[in-house]
Amino acid sequence: MKATGVRQLHKQSIESPNNFWLEAASHIQWFKEPTAACSVEDLSKTTALWFEGGELNSCYNALDYHVENGFGDQTAIIYESPVTQVSKKISYAELLYDVSVFAGALALQGLVKGDRVVIYMPMIPQAVVAMLACARIGVIHSVVFGGFAANELATRIDDALPKAIITASCGVEVNRVIDYKALLNNALDLAQHKPEFQVIYQRSQAIANLDRDGDIDWLIFVEGQKPVECVSVSATDPLYILYTSGTTGKPKGVIRDNAGHCVALKWSMQNIYNVNPGDVFWGASDIGWVVGHSYIVYGPLFNRNTTVLYEGKPIGTPDALAFWRVAAKHKVKVLFTAPTAIRAIKKEDPLGELVKKSGFDLSSLSALFLAGERSDPDTLEWAEKQLKIPIIDHWWQTETGWSICANCLGVEELPVIQGSPTLPVPGYQLEVLDKNGETLESGIVGALVIKTPLPPGSFSGLWNDEQRFNSSYFLNYPGYYETGDAGYIDENGYVFVMSRTDDIINVAGHRLSTGAIEEVIASHSDIAECAVIGFPCELKGEIPVALIVLNSQQQNSHEDIQAVTVQMVREQLGAVYSYRQSVIITALPKTRSGKVLRSTMKKIAQHQEYDLPATIDDPNVLLQIGSALTNLS
Ligand code: COA
Ligand code: AMP
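This is a predicted model, so every value here is computed, not measured.

Conventions and cut-offs
Residues numbered from 1 in each chain as written. Chains lettered and ligands numbered in written order. Predicted model: local features only at pLDDT ≥ 70, side-chain atom pairs only at ≥ 80, totals over all residues. Heavy atoms only, no water. Buried < 20%, exposed > 50% of the residue type's maximum accessible area, 1.4 Å probe, protein only. Helix = DSSP H or I, 4+ residues; strand = E, 2+ residues; numbered from the N terminus. Right-handed = clockwise from strand over helix to strand, strands pointing away. Pairing = 2+ DSSP bridges. Polar contact = N/O pair within 3.5 Å; in protein donor to acceptor, adjacent residues only side chain to side chain. Patch = residues over 30% accessible without salt bridge, like charges linked within 9 Å, V, L, I, M, F, W, Y side chains within 5 Å. Areas by Shrake-Rupley, 256 points an atom, 1.4 Å probe, with all protein chains shown as cover. Salt bridge = Lys/Arg side-chain N within 4 Å of Asp/Glu carboxyl O. Contact = heavy atoms within 4.5 Å. Axes fitted to C-alpha atoms, helices over the stretch in contact; angles between N-to-C directions.

A. Region of interest: the pairing of strand β16 (residues 280-283). On β16, burial covers both faces: V280 and W282 on one face and F281 and G283 on the other are all buried. Remark: the β16/helix α10 (residues 290-302)/strand β17 (residues 306-310) crossover connection has right-handed handedness. Examined bridge by bridge, β16 and strand β18 (residues 334-337) share 3 bridges and lie parallel to one another. Bridging from a neighbouring strand, F281 pairs with V334 of β18.

Next up, the structure:
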């Protein structure tokens, strides 16, 4: 395949998806081979079913197969934890044993294929063990990011209805220890659904009281348990649910199937990231996000890479050399992170003097991949200058599970054009449409949409919400999946992703819902209404800023209201929302029919030109917002 250029390969994937994906499917291990790649039920409505009739097990593909083939001694996970001063290697054979035993313990409690388990854990190897153990017995895992508050965890518990929750006693952030068990207790108090039991991995930084009904210590849970074999699951059976932000406060439970996911990720490791089995791959993200699922856990393990599990930050753990220290120490071949992480490092080492002085040998590093938000040219240039390797922007989403657009280094390295994640990846038929669904000429910004069927690996639905699945993604542009991003394609086919078309913001590479923040703030008794918009931030890309309208008879001072709402968002949604700033205004700008002019406010915040909507109720409100936002730092 590698002799073919990427444009040719893309053409093949679109013209004969069955041939293309059956060939890719031959590189994974099946218990029962599929007879066809794609079966499409209704093109205008949903995504396709991939590899129907096939049977496999994702954990088998990640672990057993490699051990059976003599690679048991190869390192599967390098656990680097500058926050706890631990550095540890875990071989494929060791990981397989731990996973099989944990799976045995879950099975003994009666968990079977199709049951759900929520995993709320920091970046420790036990989190990977828990995920793979679920996959081994066909249990659907749902990992919840550790930075979310109890309320968010409760919402996910009530939606996924897990039989068990797996957690750790604590997470370790730069300057504080986060009491995960207390957060879990709060979440269980808030949730309607009560799981049967909770397994808690005790960390020495904070030992938890296991005093709740159903609490059990991880070590006791696995003690004396027998390893179990992989169960065979159908190609289309769900592997996991991962909740992501939608425009409302209710998160969307993205469902990922087993086979499409395995085929696509295996293909991507070699063809996009250009890593071979045995290479060291580092996805510097968190297992709570899709990047962590695909490129800390599953992708590298399917491809028999050594994956780095990093419990730390790009700066402050202990310094701005953290990434380069780990990359040099473990001879990382490919590093994948968010632009915000590089911006943080650049801020502390603007001229690259620290990197130079450190003398770290980064010769093994062949490429740096960036995703999660738009890569700004300054960041790209800085990274290129310091590392002298290709810096590859690539664009994807929780829903797709892997890249929509990328420079496929394993197929053909194309010139990097700043601001562009390069071309659509084979499997993705990307188009730019206007509001009426007409195709736009090259260079004109419109809605970025993907012609259905979506390729393997993309989501197969939203948990418990078929109706939202259809209305959020397939309604506005029949026959297409709506990405929610706007952008354009230039005359050479390079794609440029410019902004979201909805109310989602991107804070430090984390996709967050302004609607969720608004719901929390608006519940303050002194607040009549509010709107939250993304405000430019040099480090995090965007941060949320609330525009607050008070009740006529407010009880508290402006300062109190502002401080209390910050605390409310932190407690109810989580610190990761990075909500700190608000402005008090007299009214929200609305059309005469009452629609809040969010996109106009966003343009004001981002210092972009805007047209005064003809239907605006009171134009002076926009002027007031303009001056209020100018005073924000
Ligand atoms: N558990 C508990 N709390 C968490 C957490 C976790 N897993 N992750 C983040 N938080 C908390 C942080 O402690 C911080 O709390 P604070 O307000 O009390 O300081 C808050 O959430 C915001 O965290 P973060 O966004 O990480 O900001 P930061 O200021 O601590 O660090 C960066 C800034 C740029 C260094 C950091 O955002 C970063 O490394 N970003 C990379 C993003 C990334 O990997 N994205 C994934 C997509 S590829
Ligand atoms: P998530 O689902 O959390 O991965 O967030 C997906 C969203 O992040 C996308 O819809 C984009 O808005 C944004 N995003 C991800 N990668 C890029 C990129 N390379 N360029 C621009 N935006 C990106």
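On we go from here.
B. Molecular detail of the side chain of N57. Note that N57 resides in the loop between β3 (55-56) and α3 (58-71). At 2.8 Å, the side chain of N57 and the backbone nitrogen of C59 are in polar contact.

C. Spatial organisation of a nonpolar patch on the surface. Together, Y610, L612 and L623 make up a nonpolar patch on the protein surface, roughly 290 Å² of accessible area in all. As for its position among the elements, Y610 is in the loop between α18 (598-605) and α19 (620-630).

D. The arrangement of α18 in detail. Listed in full, the buried residues belonging to α18 are T600, M601, K602, I604 and A605. Next to the buried residues of α18 lie β27 (495-500), β30 (527-537), β31 (541-550) and α19. Looking at the residues trailing α18, positive phi occurs at H607, about 55°.

E. View of the sheet that holds strand β5 (residues 86-91). Within the open sheet, the 7 strands sit side by side as β5-β4-β17-β16-β18-β19-β20. Their pairing is mixed. Edge positions in the open sheet fall to β5 and β20 (391-393), since each of these has one partner strand only. Taking the axes of each pair of neighbouring strands and ignoring which way they run, one obtains an average angle of 20° across the sheet. Taken together, the 3 bridges between strand β19 (residues 367-370) and β20 define a ladder with parallel strand orientation. Within β20, the position partnered with L370 by the bridge is D393. With respect to the sheet, α10 is in contact with β4 (75-81), β16, β17 and β18, its orientation differing from that of β17 by roughly 150°. Packed onto the sheet, helix α11 (residues 322-329) meets β4, β5, β16, β17 and β18 and runs at close to 150° relative to β17.

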